[in-house]
Amino acid sequence: MPDAFTAPPPDALAALLLPHLLEEMTAGIAVHDHAGRRTLANRRFDALLDLPEALGAAGTPIEDQARALHAAGRLDADTAARMALAPAAR
């Protein structure tokens, strides 16, 4: 008789499902790690902010995204500065 199905551990299951769940959401969502590097985001997030493809890659520092958004006139200087400093303050 074959072995019974063993479900993956909850953390592994969440890691598998999270990207798919994010893509189904209508809101734009991005996740950054403790150092401020982008770990994942849904396409809606990039579309809402009109981020260039290079700034949407995993590992991109949030400060690079903030600078680009400020340079494009979509983010004020104060908010861009707070975003750039946020990882260092943690």
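Heads up: the structure comes first, above all this text.
Quick notes on the rules
- Residues numbered from 1 in each chain as written.
- Predicted model: local features only at pLDDT ≥ 70, side-chain atom pairs only at ≥ 80, totals over all residues.
- Heavy atoms only, no water.
- Patch = residues over 30% accessible without salt bridge, like charges linked within 9 Å, V, L, I, M, F, W, Y side chains within 5 Å.
- Areas by Shrake-Rupley, 256 points an atom, 1.4 Å probe, with all protein chains shown as cover.
- Salt bridge = Lys/Arg side-chain N within 4 Å of Asp/Glu carboxyl O.
- Helix = DSSP H or I, 4+ residues; strand = E, 2+ residues; numbered from the N terminus.
- Buried < 20%, exposed > 50% of the residue type's maximum accessible area, 1.4 Å probe, protein only.
- Pairing = 2+ DSSP bridges.
- Polar contact = N/O pair within 3.5 Å; in protein donor to acceptor, adjacent residues only side chain to side chain.
- Contact = heavy atoms within 4.5 Å.
- Expected span 1.5 Å × (residues − 1).
- Bend = angle between axes of the 7 residues up to and from the residue.
- Core = buried A, V, L, I, M, F, W, Y, C linked by side-chain atoms within 4.5 Å.
- Arc of directions from axis to C-beta.

## Looking at a nonpolar patch on the surface
Judged by side-chain polarity, Leu13, Leu16, Leu17 and Leu21 come together as a nonpolar surface patch covering roughly 370 Å² of accessible area. Take leucine 21: it is sitting in helix α1 (residues 10–24). On the basis of relative accessibility, which here comes to 51%, the residue leucine 21 falls in the exposed class.

## Observations concerning the pairing of strand β2 (residues 38–41)
Across 3 bridges, the pairing between strand β1 (residues 30–32) and β2 is antiparallel. Within β2, the position partnered with alanine 30 by the bridge is alanine 41. Where β1 folds back onto β2 in an antiparallel hairpin, the turn is made up of 5 residues, including glycine 36, whose phi is positive at roughly 85°.

## Thoughts on the side chain of glutamine 65
Following the sequence through the fold, glutamine 65 ends up in helix α3 (residues 62–71). At 3.1 Å, the side chain of glutamine 65 forms a polar contact with the side chain of histidine 32. Within the structure, glutamine 65 has its side chain in polar contact with the backbone oxygen of leucine 55 (distance 2.8 Å). Setting aside its immediate chain neighbours within four residues, glutamine 65 contacts His32, Arg38, Leu51, Leu55 and Thr60.

## Here's the deal with α1
Count 3.6 residues to each turn of an α-helix, and residues three or four apart come out pointing the same way. With 15 residues, α1 extends 20 Å between its outermost C-alpha atoms, agreeing within 8% with the 21 Å of an ideal straight helix rising 1.5 Å per residue. Along α1, the helix axis deviates most sharply at leucine 17, where the bend reaches about 35°; the proline proline 19 sits within four residues downstream.

## Re the nonpolar core
One finds Phe45, Leu51, Leu55, Ala66, Leu69, Leu75 and Ala80 forming the largest nonpolar core, which totals 7 residues. Other than its neighbours up to four places away in sequence, alanine 80 contacts Ala66, His70 and Leu75.

## A few points about unusual backbone geometry
The phi angle at aspartate 50 is positive, at roughly 55°, despite the residue not being glycine. When you line up the elements, aspartate 50 lands in the loop between α2 (43–49) and α3.

## Quick word on α3
All of the buried residues along α3 are Ile62, Gln65, Ala66 and Leu69. The arc that holds every buried residue of α3, seen down its axis, measures 100°, which confines them to one face. For α3, the exposed residues set more than 90 degrees away from the buried face come down to Arg67 and Ala71. Where α3 terminates, the next one or two residues include glycine 73, which has phi positive at roughly 80°.

In short, the description is geometric, and any link to function would need to be established separately.
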